[in-house]
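Here is what each chain is made of, one letter per residue.
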Amino acid sequence: MKKLIYTLIGVVFTILCCSQQVKAQRKSSDSLYAIAKEWGQQKGNYRKALEYTEHALEISPENVDIQEYYGKCLLELKQYDKARYVLRKAKDARLQNYTALIYLLNVEHQTKRYSSAICYVNEMLEQTPYEKGLWIKKMNLYREMGNDVEAMRELKRIHQIFPDDEHIQENYIYMLTEKGRELENYSEIESTYTAIIQEDPKNKEAYLMLIKNELENSGNIEAAINYSSRALKTLPEDKQLIRKKIGLLEESDRYQEASILLEDKKEFLDKKEYNQLSLYLKNQAANYYENTDPYVINKKIYAQDPSNQQALNYILRNALAKGFYTDAEYFLNKALERDPNNKELLLKKLSVYKKIDDKNKYNKTLEHLYAFYPEDEDIEYTYQLQQFEKGKDYLQQGQLYEAKSVFLLLRTKPEWEVLANEQLYNIAMQQQKYDEALTYTNYLIDNYPDNAEYKLQKSDLFFKTQQYKDAISISRNLNETYPESEKYKDIYQNQLSLYISVLMKNEEYREASETLDQLLAQNPTKQLYLYSINAALAIQHKKKAIQIAEEAYQAYPNDIDIALKLADAYLLDYKTDWTIEALTPMLEKYPHNQELKQRIAIAYYKKGLYRKSMERYRDAYGEFVSSVDLMPKDNRAVNELVEAYDKADENLRALNYLNKKIREYPWLDNLKVAKGEVYENMKGFDSALYYQKFYKPGPEEADEWNRHIDYLTNRSYKNQLDASYSRFDSDSSLFVNRLARIKYTKFRTNNAYGIGFNYAGRGNGAGVQLNLEWQHIFSPTLYGTANYYISNNYFPNHRLAANIFKSYRNDWELELGARYDILHTDQELITGIVGVSKVYNQFWFNAKFNYLTDFDVNYSNLSVRSKYILDHRKFIQFIASIGTAPYDERLSFQNDTFFDYVHTMVGAGYQYPISKHLGFGIYGNWYNYKLDDGQFQNQYELTLLCEIRF
């Protein structure tokens, strides 16, 4: 037996040494990596960082994080070729390695390998397509390589992706401006600077370049004047633009307009400059017009004789023909002062305002005309058209009530009735006044029954008001009436899909399923199959779900979505082998598809649960391992795996497996937490505490998790101090006793050492008992204790005790023990102990039988005990015993009183933690001793217990 124990101890010691060596090696590479990052990132000494990184790679050559940082150090030290090799290797070692791609981009950029750098940017954009900085980087790379065409194209694309980004807009305008300065072609210059104005209507330089383009490349001074007018509308106070337009007007001999503009803008010019320009224009105009221009002569004539209709007609005809709209407006107003309601003059004035796009004055003039000449059909039509456009403007600006008022008036005009009703329908829909909208659309349908669009409007209205069946009925009829129209077919199919989505969202699965049965019979499509399977799954109709899924799988054998739904149907009915058989070939074709892996992982997980329920734990953890191999993250199989390994007494194997998975996926905290649970099962509470702290509890489980962490912290402490005080009262004051105990225990890896004292005081003296204890763990399922006691009074003079505990499957534990006592009377006692324990859910049950003999008289005791475990260190205890020997070895100090009486005992207790260091308990027992026939004695015990761990 000793040889076996020593052999086991040697094996365990060897394993622990090896594991510590591996752990130290891993820690060594991690610590070197951390030191390298400190030298590089914090101190800027990348040459020193490179040395530490090379040492770390010698220990862990496959560590991708260290490879990445090694490449960065080489990059910082300008060892580009080597950096490129290392970083490419790191990129290939991890899928979508964003960090390695960033470093590779910098390598290629610094070595001016722009094409390769752009390729890496493209790879990163596949991962983060809306990372603005990458798009800008790509554009700048094109610019650096001299490809301005591609750079401009990239900038346009960036501007389209981020239209509201002011910085990008500024760059876009800047590049357009730079491009425009290099252009010489008239059309290219015009399109470039027009684009700039579209982006920035207040870009003065663009207006000036357009004016310059017209003057130098086209010679069209009129167009130049128009651009100057547009510029002044946007920048009415800009002095340079004011001077530019005045100069253009003066150059085209339009001195009157130049003077009027100068008068209009004089507040924005210095007084001196205004006076100089005014005098200059007058002199130039005088030189040009004096006695030569019929237009000027007729203006003078009309000024002297406002009744001269011939002069007025000449002025207006020439002003309108030459675009002198300011003159035209002026003389029209003068004429209208004499005849304010003259239709001909008002129509000419209307045309002027239309030419200069002055909507406000145009509308006022039109209203004036319509008020005096409502019977004129042309004026009436123009007015109504203006009202219709006015209503549309209101609608576009979101002024729904104003728009509605306009269209309600137009609705009374027969020729506008249809258009007005269409707009009123749109307004009612935007205002969510669906009853009004239905009135308008019904009117349109009644008057134009052949117009399918009106029926479509009604269908849309019904759908918005959740009258789904009526809406679908209309779209179905349209689809049947116009079978060649793809539009109506798409609308019908879309409404069906949305209707089914609504049914599914509202959990009306049975109605959805019935509707889908009809649709599948008519037109079996992939989308309908998916909806139908989902509905059957939702109502737990296993047979139907499998039937539809298998039918869909036959129709679409290579479709992943259908295959996944087939797996869901199989899994609902626990057809795990069918799931694995159906999806494994597809996983070989698509090895990186996470949903395929997830379904197969669930199948293995459910197989494992079945094996576990049959108590086939080795088979169970095999299935759980297969599940975790496929899906290590967020997989309940990880936790079940830990439990299955524990039930099979294979915790070391579990630890080896989890270590392997953690090396593969060092970022997955759930694997580390599971490793902590294995350590907890192995009583390695230090390691259990370290790894279980990786768990991030939600708010609802935070309290329970904190209690568990406190428990692990408590169990990880290496020192324990126990103190208790017991009071024994009986029916006779002759048998009142007190007992105090204190004990200190030091815990090691597989051993614990304790020393304690028991104290009992009586009227004739005090008794002190010394207790020396050794605990040892032989294996994960076998441990034992050995004690030696020595006392001076009341307690046994000497005592030797040993107990061995063996764990079995299903939480059973067997206890075997022996005790040898030498009393102060030199009486010798030998005790044999047999006990059995069982854990079931939150209950712990124990039965123990003690057999004592002094080789003349035999004694025995049977006790049963149970605990209801509220938490790790918090429980309620119940106990009962019967026999002629004391149930509790602590009572041995009473050997001279109640030792050989038949007695019964019942008791209860409660123990609870105050903190992770401190726990208290209170226990009470009631003993009844049969002293003689018909004569009994009661004894009452109350014990207070304090436990301190540190």
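All figures in this text were calculated on a predicted structure; none of them were measured in a lab. (Residues numbered from 1 in each chain as written. Predicted model: local features only at pLDDT ≥ 70, side-chain atom pairs only at ≥ 80, totals over all residues. Heavy atoms only, no water.)

Caption draft 1: Local environment of the overall build of the chain. Along the backbone of the chain there are 39 helices and 14 strands. The C-alpha atoms of the chain give a radius of gyration of 48 Å, which is well past the 30 Å a tight globule of 950 residues would have. If one aligns the C-alpha atoms of the chain with their principal axes, the spans along those axes are about 160 × 75 × 65 Å. Looking at the chain as a whole, 43% of its 950 residues qualify as buried. Just so you have it, the chain exposes about 51400 Å², and 51% of that area is on carbon and sulfur atoms. (Helix = DSSP H or I, 4+ residues; strand = E, 2+ residues; numbered from the N terminus. Rg over C-alpha atoms; globule rule 2.2 N^0.38 Å. Buried < 20%, exposed > 50% of the residue type's maximum accessible area, 1.4 Å probe, protein only. Areas by Shrake-Rupley, 256 points an atom, 1.4 Å probe, with all protein chains shown as cover.)

Caption draft 2: The arrangement of the pairing of strand β10 (residues 858-871) in detail. Across eleven bridges, strand β9 (residues 843-853) lies against β10 in antiparallel orientation. What sits directly across from Asn-846, in β10, is Arg-865. The turn joining β9 and β10, which pair antiparallel and follow one another in sequence, is formed by four residues; a positive phi near 75° is taken by Phe-855. Of the strand pairs in this sheet, β10 and strand β11 (residues 874-883) are connected by ten bridges, and their pairing is antiparallel. Its bridge partner lying in β11, Val-864 is registered against Ala-880. In textbook terms, the turn of a hairpin is the stretch between consecutive antiparallel strands, and for β10 and β11 this stretch comprises two residues. (Pairing = 2+ DSSP bridges.)

Caption draft 3: Structural detail: the packing of aromatic side chains. Taken as a whole and judged by the stated rule, the model has 24 aromatic pairs. Both rings, one in Tyr-690 and one in Phe-694, keep their centres 5.6 Å apart while their planes meet at 90°; by these two values the pair is edge-to-face. The structure contains a cluster of three or more aromatic residues connected by ring pairs, namely Tyr-381, Phe-388, Phe-407 and Trp-416. Across the ring face of Phe-694, the terminal group of Lys-672 is positioned such that the distance to the ring centre comes to 4.6 Å. When the ring centre of Trp-844 is taken as reference, the NZ or CZ atom of Lys-867 above it lies at 5.2 Å. (Phe/Tyr/Trp six-rings, centres within 6.5 Å; stacked < 30°, edge-to-face > 60°. Lys NZ or Arg CZ within 6 Å of the ring centre and 35° of its normal.)

Caption draft 4: Inspection of the pairing of strand β3 (residues 751-762) at higher detail. Here strand β2 (residues 737-747) runs beside β3; their pairing, made up of eight bridges, is antiparallel. Pairing of Lys-743 across the sheet is with Gly-756, part of β3. Taking the residues between adjacent antiparallel strands as the criterion, β2 and β3 are bridged by three residues. Connecting β3 to the next strand, strand β4 (residues 765-779), in antiparallel fashion are two residues.

Caption draft 5: Quick look at helix α35 (residues 637-647). In terms of residue burial, α35 counts as a mostly covered element, since eight of its eleven residues are buried. Those residues of α35 lying buried are Ala-637, Val-638, Glu-640, Leu-641, Val-642, Ala-644, Tyr-645 and Lys-647. Looking at the packing, one finds that the buried side of α35 touches α33 (594-613), α34 (617-630), α36 (651-664) and α37 (669-681). Following α35 by one or two positions, Asp-649 has its phi on the positive side, about 60°. (Contact = heavy atoms within 4.5 Å.)

Caption draft 6: Region of the structure containing the pattern of salt bridges. Summed over the entire model, instances satisfying the criterion amount to 46 salt bridges. Between Asp-81 and Arg-84 there is a salt bridge, and its shortest N-O distance comes to 3.0 Å. Placement of the pair is Asp-81 and Arg-84 together in helix α4 (residues 80-93), with a separation of three residues, close to one helical turn. Here Asp-92 ties to Lys-91 by a salt bridge, and the two come within 3.6 Å at their closest N and O atoms. A cluster of three or more residues bridged by salt bridges with shared partners is formed by Asp-81, Arg-84, Arg-88, Glu-108 and Arg-113. (Salt bridge = Lys/Arg side-chain N within 4 Å of Asp/Glu carboxyl O.)

Caption draft 7: Local environment of the packing of helix α31 (residues 560-572) against α33. At their nearest, the axes of α31 and α33 sit 10 Å apart, and the two run at 15° to each other. It follows that α31 is roughly parallel to α33 by the angle criterion. Crossing of α31 over α33 shows left-handed handedness. Counting all contacts with α31, which are made through Ile-560, Leu-564, Ala-567, Asp-568 and Leu-571, the residues of α33 involved are Glu-595, Leu-596, Arg-599, Ile-602, Ala-603 and Lys-606. Tallied by class, residues from the contact of α31 with α33 come to seven nonpolar, no polar and four charged. (Axes fitted to C-alpha atoms, helices over the stretch in contact; angles between N-to-C directions. Parallel < 35°, antiparallel > 145°, perpendicular 65-115°, else oblique. Left-handed = near helix turned anticlockwise from the far one by under 90°. Nonpolar A, V, L, I, M, F, W, Y, C, P; charged D, E, K, R; others polar.)

Caption draft 8: Representation of the packing of α36 against α37. Taken N-terminus to C-terminus, the directions of α36 and α37 make an angle of 160°; their axes are 10 Å apart at the nearest point. What the angle tells us is that α36 and α37 run roughly antiparallel. Our pair here, α36 against α37, has a crossing hand that is left-handed. The segment α36 lies against α37, with Asn-651, Ala-654, Leu-655, Leu-658, Asn-659, Lys-661 and Ile-662 engaging Leu-671, Lys-672, Ala-674, Lys-675, Val-678, Tyr-679 and Asn-681. Of the residues assigned to the contact of α36 with α37, the class counts are eight nonpolar, three polar and three charged.

Caption draft 9: The arrangement of unusual backbone geometry in detail. A positive phi angle is found at Gln-466, which is not glycine, with a value near 65°. With respect to the element layout, Gln-466 can be found in the loop between α25 (452-464) and α26 (468-481). Assessed through its relative accessible area of 57%, Gln-466 is described here as exposed. Despite not being glycine, Lys-683 shows a phi value in the positive range, around 65°. Tracing the chain through its elements places Lys-683 in the loop between α37 and α38 (685-692).

Caption draft 10: Spotlight on the side chain of Asn-714. Assignment of secondary structure puts Asn-714 in helix α39 (residues 702-716). By relative accessible area, Asn-714 is classed as buried at 1%. Those residues in contact with Asn-714 that sit more than four places away from it in its chain are Arg-873, Lys-916, His-917, Glu-947 and Arg-949.

Caption draft 11: Inspection of the environment of Ile-876 at higher detail. When you line up the elements, Ile-876 lands in strand β11. When its relative accessible area of 28% is taken as the criterion, Ile-876 is described as partly exposed. Distance from Ile-876 to Ala-908, taken between C-alpha atoms, is 7.4 Å for residues 32 residues apart in sequence. Excluding its chain neighbours within four sequence positions, the residues that come into contact with Ile-876 are Ser-866, Lys-867, Tyr-868, Leu-870, Gly-909 and Tyr-910.

Caption draft 12: Broad picture of the confidence of the model for the chain. The predicted model of the chain has a mean per-residue pLDDT of 83, with 93% of residues at 70 or higher. For residues 1-27, every residue scores under 50 in pLDDT, and the model assigns this stretch seven contacts once sequence neighbours within four places are set aside. (pLDDT = per-residue confidence, 0-100.)

Caption draft 13: Fine view of helix α19 (residues 343-355). Over its 13 residues, α19 runs 18 Å from end to end, which matches the ideal 18 Å to within 8%, given 1.5 Å per residue. Turning to α19, its buried residues number three or more, namely Leu-345, Leu-346, Lys-349, Leu-350, Val-352 and Tyr-353. Down the axis of α19, the buried side of the element spans an arc of 160°, and every buried residue falls inside it. Facing away from the buried side of α19, by more than 90 degrees, are the exposed residues Lys-354 and Lys-355. Each element contacted by the buried residues of α19 is listed here: α17 (309-322), α18 (325-338) and α20 (359-372). Capping the start of α19 is the job of one residue whose side-chain oxygen sits 3.0 Å from the backbone nitrogen of Glu-344: Asn-342. With its phi angle positive at about 60°, Asp-357 sits one or two positions after the end of α19. (Expected span 1.5 Å × (residues − 1). Arc of directions from axis to C-beta. Polar contact = N/O pair within 3.5 Å; in protein donor to acceptor, adjacent residues only side chain to side chain.)

Caption draft 14: Representation of the side chain of Lys-404 within the structure. In this fold, Lys-404 is placed in helix α22 (residues 400-410). Accessibility expressed as a relative area gives 13% for Lys-404, which makes it buried. At 2.8 Å, the side chain of Lys-404 and the side chain of Glu-436 are in polar contact. Those residues in contact with Lys-404 that sit more than four places away from it in its chain are Leu-424, Ile-427, Gln-431, Lys-433, Glu-436 and Tyr-440.

Caption draft 15: Quick look at the environment of Ala-231. Within the fold, Ala-231 resides in helix α12 (residues 221-234). For Ala-231 and Ile-742, which are 511 residues apart along the polypeptide, the C-alpha to C-alpha distance reads 98 Å. In this view, Ala-231 contacts Tyr-207 and Leu-241; residues no more than four positions away in its chain are not counted.

Caption draft 16: Representation of a nonpolar patch on the surface. Together, Ile-742, Ile-755, Phe-757, Tyr-759, Val-768 and Leu-772 make up an exposed nonpolar region whose accessible area comes to about 500 Å². Of all elements in the fold, only β3 and β4 reach the threshold of two or more residues within the nonpolar patch. Here the nonpolar patch gets three residues from one element, more than from any other, and that element is β3. Note on Leu-772: relative accessible area 39%, which makes it partly exposed. (Patch = residues over 30% accessible without salt bridge, like charges linked within 9 Å, V, L, I, M, F, W, Y side chains within 5 Å.)

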